[in-house]
Amino acid sequence: MKIVFHTLGCKVNQYETQAMRRLLEAEGFETGEFVPGDEAALSADGLVINSCTVTGESDRKLRQLLRRCRRDNPHAVLALTGCMPQAFPDAAAALLEADIVLGNASRSALPRHIHRFLTMGQRIV
């Protein structure tokens, strides 16, 4: 199963993405990076967007990216992680395009939640 990542924001978010990639790779997932609009995202089994929420503009871009990812790859598992769910859990939970919503504190649970979503098909927030 291939999971691709897109990271928004600072160097800390880059580090967090690398940590999540290592966790998934340890569970046997193939991982990669994606740029919105890139064909690699269209063939992935899952997409993880590690979010930033510094400004209202970054939140707007995140919502736009989630909608695009869902539209372009409707059958992929779509996970929203990072600062947005950590700082504003209710607002992140309202972004229904995401199948899995995890804050920074829960990043270690990402592999388990992906497996759980694939098994049960229920949104995890």
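Right above here is the structure, for reference.
Below is a summary of the structure that appears in this document. Model, not experiment: these values are computed from the prediction. Along each chain, residues carry numbers from 1 onward, in the same order as the chain's sequence is written. With pLDDT at 70 or above as the cut-off, local features in this predicted model cover only qualifying residues; side-chain atom pairs require 80 or more to be listed or tallied, and sums for whole chains, interfaces and linings still use all residues. The side-chain numbers reported here are obtained from all heavy atoms of the structure, hydrogens and water having been left aside.

### Focus on the environment of valine 12
Strands are runs of DSSP state E lasting at least 2 residues, helices are runs of H or I lasting at least 4, and numbering of each runs from the N terminus. Summarising the element assignment, valine 12 is placed in helix α1 (residues 11-26). Valine 12 gets classed as exposed once you look at its relative accessible area, which sits at 52%. Put simply, valine 12 and glycine 82 are 70 residues apart on the chain and 9.9 Å apart in space, counted from C-alpha to C-alpha. A simple rule labels every residue: compare its accessible area, found with a 1.4 Å probe on the protein chains alone, to the largest value its type can have, and call it buried under 20%, exposed over 50%, or partly exposed in between.

### Some thoughts on the nonpolar core
With 17 residues, the main nonpolar core has Leu47, Ile49, Leu62, Leu66, Cys69 and Leu80 as its most contacted residues. Among the secondary structure elements, those contributing two or more residues to this core are β3 (46-51), α3 (56-72) and β4 (77-82). With four residues, the single largest contributor to this core is α3. Note on contacts: a residue pair qualifies if any of its non-hydrogen atoms lie within 4.5 Å across the two residues. Sequence-distant contacts of leucine 80, that is, excluding residues within four places in its chain, are made with Ile49, Ser51, Leu62, Leu66, Pro85, Ala92, Leu95, Ala98, Ile100, Val101 and Leu102. What makes a nonpolar core is a set of buried Ala, Val, Leu, Ile, Met, Phe, Trp, Tyr and Cys residues whose side-chain atoms join them at distances within 4.5 Å. Counting 14 residues, the second largest nonpolar core, distinct from the first, contains Leu24, Val77, Leu110 and Ile114.

### Points about α3
It helps to recall that an α-helix has 3.6 residues per turn; residues three or four apart then point in one direction. For a helix, the expected span equals 1.5 Å multiplied by the number of residues minus one. With 17 residues, α3 extends 24 Å between its outermost C-alpha atoms, agreeing within 8% with the 24 Å of an ideal straight helix rising 1.5 Å per residue. Every buried residue belonging to α3 is among Ser58, Asp59, Leu62, Leu65, Leu66, Cys69 and Arg70, and all of these are buried. Across the axial projection of α3, the buried residues extend over an arc of 130°, all falling on one side. Residues of α3 that are exposed and point over 90 degrees away from its buried face: Gly56 and Arg71. Buried positions along α3 lie against β1 (2-7), β3, β4 and α4 (83-87). In this description, the arc belongs to the directions extending from the helix axis to the C-beta atoms.

The values are spatial; any link to function lies outside them.
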